[in-house]
Amino acid sequence: MDAHIKKVYVPMTETGFYILLCLREEMHGYGIVQKVEALTKGAVKISPGTMYGSLSKMEKDGIIRFVREEDKRKIYRITDLGMQVLNMEMTRIKRLYQNMLEVREYDEKRVQVFYGSAVEKGGGIPEAAT
């Protein structure tokens, strides 16, 4: 993978991540918008301008490819290069998530050490600790 692709796509934008995640199967832009909204329970909504700008750039960079046109809609699919980029990003996100869990576990243990007796007796964590 060349340096340009790494620089542009890693780390990925949320939009780019969801587009590549969806394009593991053939799909058109509007289908991607709908699937992302469903996957995220409405938390992420990709506007048409963002979607089509992203698709155009990704196709130019060889991350996705045009497959065919159906009912005046362009169908796309992720390329092998796109899968490499997506896998790198998933590995990065997994590492971030694991780091977050480790830090949270460390913080919980630290709170127990400092405030253990109050927590054990049902007093809860003092306000200053939260």
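Provided above is the structure to which this section pertains.
Note that this is a predicted model, so its numbers are computed, not measured.

Draft legend 1. Spotlight on the pairing of strand 2 (residues 64-70). In the sheet, strand 2 pairs with strand 3 (residues 73-78) via 6 bridges, with the strands oriented antiparallel. When the bridges of strand 3 are listed, glutamate 70 appears paired with arginine 73.

Draft legend 2. Spatial organisation of the sheet that holds strand 3. The antiparallel open sheet is built from 3 strands, whose spatial order is 1-3-2. Every interior strand has two partners, whereas the edge strands, strand 1 (27-28) and strand 2, have only one. The pairing of strand 1 with strand 3 spans 2 bridges and is antiparallel. If you follow methionine 27 over to strand 3, its bridge partner there is tyrosine 76.

Draft legend 3. Inspection of the packing of aromatic side chains at higher detail. Scanning all chains against the criterion turns up 2 aromatic pairs. Measuring from centroid to centroid gives 5.6 Å for phenylalanine 17 and tyrosine 18, while their planes differ by 75°, and the two rings are edge-to-face. With a relative accessible area of 17%, tyrosine 18 lands in the buried category. When the ring of phenylalanine 66 is compared with that of tyrosine 76, the centres are 6.3 Å apart and the planes differ by 75°; the resulting orientation is edge-to-face. With phenylalanine 66 in strand 2 and tyrosine 76 in strand 3, this residue pair connects regions lying 10 residues apart in the sequence.

Draft legend 4. Fine view of the nonpolar core. If you look at the biggest cluster of nonpolar residues, it comprises 25 residues, and the most contacted ones within it are Ile19, Leu20, Leu23, Ile32, Leu55, Ile63 and Ile64. Counting only elements with at least two residues in this core, the list comes to helix 1 (3-9), helix 2 (14-22), helix 3 (29-39), helix 4 (48-60), strand 3 and helix 5 (80-120). Non-local contacts of leucine 20, meaning those with residues more than four positions away in its chain, are made with Met12, Met58, Ile63, Ile64, Ile78, Gly82, Val85 and Leu86.

Cut-offs applied
- Residues numbered from 1 in each chain as written.
- Predicted model: local features only at pLDDT ≥ 70, side-chain atom pairs only at ≥ 80, totals over all residues.
- Heavy atoms only, no water.
- Pairing = 2+ DSSP bridges.
- Helix = DSSP H or I, 4+ residues; strand = E, 2+ residues; numbered from the N terminus.
- Phe/Tyr/Trp six-rings, centres within 6.5 Å; stacked < 30°, edge-to-face > 60°.
- Buried < 20%, exposed > 50% of the residue type's maximum accessible area, 1.4 Å probe, protein only.
- Core = buried A, V, L, I, M, F, W, Y, C linked by side-chain atoms within 4.5 Å.
- Contact = heavy atoms within 4.5 Å.

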